[in-house]
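Examining the three-dimensional arrangement
Below are the chains, spelled out letter by letter.
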Amino acid sequence: MNLISLIALQCFKWIGYKTVLNVAHEVPSDFIEFKEYVEFKFSRQEAETLEAWNQALQIVDQCEKLHIHPVAVTDPTSYPKRLDIRDSKKPNPPVLYVKGSIDALHQDSYVIAIIGTRHPTENGIMAAFDFGRFAAQNHIPVVSGLAYGCDAHGHIGCLEHGGIAIAVMAHGLDMVYPPEHLSLADQIIEQNGCLVSEYPPGVPTTRWSFVDRDRLQSGLSDTVIVIQTGKKGGTHHTAKFARDQGRRIFCVRPASNESRHPSVVGTHDIVRDQDAEWITMPEQLFHVIENQSVYDNPSNSRLEQLQLGF
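Below is a summary of the structure that appears in this document.

About the criteria used
- Residue positions are given per chain, counting from 1 as you read along its sequence in written order.
- Local features are withheld for residues below a pLDDT of 70 in this predicted model, meaning they are given only at 70 or higher, and side-chain atom pairs are given and counted only at 80 or more; totals for whole chains, interfaces and linings count all residues.
- Remark: hydrogens and water are excluded; side-chain values derive from all non-hydrogen atoms of the structure.
- Only strands joined by at least two bridges in the DSSP assignment are considered to pair.
- Each helix is a run of DSSP H or I of at least 4 residues and each strand a run of E of at least 2, with the numbering of both proceeding from the N terminus.
- Note on geometry: axes are lines fitted to C-alpha atoms, helical ones only across the stretch in contact, with angles between N-to-C directions running from 0 to 180 degrees.
- Two residues form a contact once any of their heavy atoms are found within 4.5 Å.
- For salt bridges, the criterion is a side-chain nitrogen of Lys or Arg within 4 Å of an Asp or Glu carboxyl oxygen.
- Summary of the burial criterion: residues with accessible area below 20% of their type's maximum are buried, those above 50% are exposed, and those between are partly exposed, where the area comes from a 1.4 Å probe applied to protein chains only.
- Just so you know how the angles are binned, under 35 degrees is roughly parallel, over 145 roughly antiparallel, 65 to 115 roughly perpendicular, and the rest oblique.
- In this scheme the handedness of a crossing depends on how the near helix is turned from the far one: anticlockwise by less than a right angle means left-handed, clockwise means right-handed.
- Each residue gets one of three labels, nonpolar for Ala, Val, Leu, Ile, Met, Phe, Trp, Tyr, Cys and Pro, charged for Asp, Glu, Lys and Arg, and polar for the others, Gly among them.
- Pairing of aromatic rings covers Phe, Tyr and Trp, the last through its six-membered ring, and needs centres within 6.5 Å; plane angles under 30 degrees mean stacked, over 60 mean edge-to-face, and all others mean tilted.
- Ring-over charges, as used throughout, are those where CZ of Arg or NZ of Lys falls within 6 Å of the ring centre and within 35 degrees of the ring normal.
- The definition of a polar contact used here is a pair of N or O atoms within 3.5 Å, where within protein one atom must be able to donate a hydrogen and the other to accept one, and adjacent residues in sequence count solely through side-chain atom pairs.
- Handedness rule for crossovers: strands pointing away from the viewer, path from the first strand over the helix to the second running clockwise, crossover right-handed.

The next point concerns the sheet that holds strand S8 (residues 248–252). If you walk across this open sheet you meet the 9 strands as S1-S2-S6-S5-S4-S3-S7-S8-S9, and the pairing is mixed. Either end of the sheet is taken by a strand with one partner, and the two such strands are strand S1 (68–72) and strand S9 (277–279). Going from strand to strand, the sheet's axes swing by 30° on average, the running direction of each strand aside. Two strands pair when backbone bridges link them, and S1 and strand S2 (residues 95–100) are joined in this way by 5 bridges, in the antiparallel orientation. Residue pairing across strands places proline 70 opposite tyrosine 97, the latter belonging to S2. Along the sheet, helix H9 (residues 234–244) contacts strand S3 (112–115), strand S7 (223–226) and S8; its crossing angle with S8, the most-contacted strand, is approximately 145°.

And the structure:
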């Protein structure tokens, strides 16, 4: 397995995800062969290659100490099959870092993302919780970003009813942001879910890392549920990524007295601009899942298992 080689390639400046993905299955795992390969393919000098290799070894060592599992795209048994977004401006990461149960990424069932504003109304809080509850009761894992507001309440609804949650983080998994959600992150792991990041330990949040995180939320799900959102915010990024990735998008229809609320008005834009559809209650997803073909990664047992919860 060439995990260390892929991490080392990412330690070089100016070698991006697309390049690493293009060579992922040919880059050697032995250091001597790796050094010769990098010198030939990328014109990198030995000292630079040795530095990158040592950085990769340090990352793997740190992951082991923190119980973080690095998963290479070349490992078909561990890397999530859903996460194939090569047509994106930034494709899927060559290495994914997972804390908790890797099996959570390979559930033989439908998966939904529950996303939305950090400042939902009371109706939004209840809707996020209800969609999370519905998912748990019907064996549907919930993907979200562990953020304040809709994300957190979707996770809480899922976890309180025994479900599996997947939190996509915008930083290395040696920390939890926001720190107030540390106990929620621990509960996700305790209930056989996981935290996921494309960043190795020690990498902090940046303005762009949240946008990068958004594409993974949609990439790890089959359908994206937008609870509430304002005119701007990360929810719009996730919805756009979902559309580009061929995921179906639903926005929770706002109550008539909230349709112009600042935390809600953005849902109208997503319906208009991202080919999203309105949804009123979680139970409507039964019809969606029965009739939607899951892009190109489906086993019939997903629907068979889901139907046990009907």
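Right, let's talk about the environment of methionine 126 for a bit. Mapped onto the secondary structure, methionine 126 falls in helix H5 (residues 122–137). Spatially, the C-alpha atoms of methionine 126 and glutamine 10 are 42 Å apart, while their sequence positions differ by 116 residues.

Let us now look at the pattern of salt bridges. Evaluated as defined, the whole model comprises 15 salt bridges. With a closest N to O distance of 3.9 Å, arginine 133 and aspartate 130 form a salt bridge. Here arginine 133 pairs with aspartate 130, and both are found in helix H5, just 3 residues apart, close to one helical turn. With a relative accessible area of 18%, arginine 133 lands in the buried category. Owing to a relative accessible area of 31%, aspartate 130 belongs among the partly exposed residues under this scheme. As a salt-bridge pair, lysine 231 and aspartate 269 come within 3.0 Å of each other at their nearest N and O atoms. Residue lysine 231 is found in the loop between S7 and H9, and its partner aspartate 269 is found in helix H10 (residues 266–273); the two are separated by 38 residues along the sequence. Residue classification places aspartate 269 among the buried positions, given a relative accessible area of 10%.

Between helix H6 (residues 150–160) and helix H7 (residues 182–190), the shortest axis-to-axis distance is 11 Å and the interhelical angle comes to 40°. As summarised for this structure, H6 and H7 are arranged oblique, according to the angle between their axes. In the crossing of H6 with H7, the sense of the turn from one axis to the other is left-handed. Residues Ala152, His155, Ile156 and Leu159 of H6 pack against Leu184, Gln187 and Ile188 of H7. In the contact of H6 with H7, the residues fall into 5 nonpolar, 2 polar and no charged.

In the structure shown here, the tally under the stated rule is 5 aromatic pairs. Seen in terms of ring centroids, phenylalanine 31 and tryptophan 53 are 5.2 Å apart; in terms of plane orientation they differ by 55°. Their pairing is tilted. Of this pair, phenylalanine 31 sits in helix H3 (residues 31–42) while tryptophan 53 is found in helix H4 (residues 46–65), placing the two residues 22 residues apart along the sequence. Using a relative accessible area of 10% as the deciding quantity, one classes tryptophan 53 as buried. Pairwise contacts between aromatic rings join Phe31, Phe34 and Trp53 into one cluster. The positively charged end of lysine 90 is found above the aromatic ring belonging to tyrosine 17, 4.7 Å away from the centroid.

As a further point, take the side chain of histidine 181. Structurally, the position occupied by histidine 181 is in the loop between strand S5 (165–168) and H7. There is a polar contact of 2.7 Å between the side chain of histidine 181 and the backbone oxygen of leucine 146. Residues within four places of histidine 181 in sequence aside, it is in contact with Leu146, Ala147, Tyr148, Ala152 and Val176.

Running from N to C, helix H8 (residues 207–219) and H9 point in directions that differ by 45°, and their axes come no closer than 8 Å. Between H8 and H9, the crossing angle belongs to the class labelled oblique. In the crossing of H8 with H9, the sense of the turn from one axis to the other is right-handed. Of the residues in H9, those in contact with Val211, Asp214, Arg215, Gln217 and Ser218 of H8 are Gly234, His237, Thr238, Phe241 and Ala242. Of the residues contributing to the contact of H8 with H9, the split by class is 3 nonpolar, 5 polar and 2 charged.

Let's shift gears to the pairing of S5. Burial of S5 is two-sided: the residues Ala165 and Ala167 facing one way and the residues Ile166 and Val168 facing the other way are all buried. With respect to chirality, the unit in which strand S4 (residues 142–144) leads through H6 into the neighbouring parallel S5 is right-handed. Here S5 pairs with strand S6 (residues 194–197) via 3 bridges, running parallel. When the sheet's bridge partners are listed, alanine 167 is paired in S6 with leucine 195.

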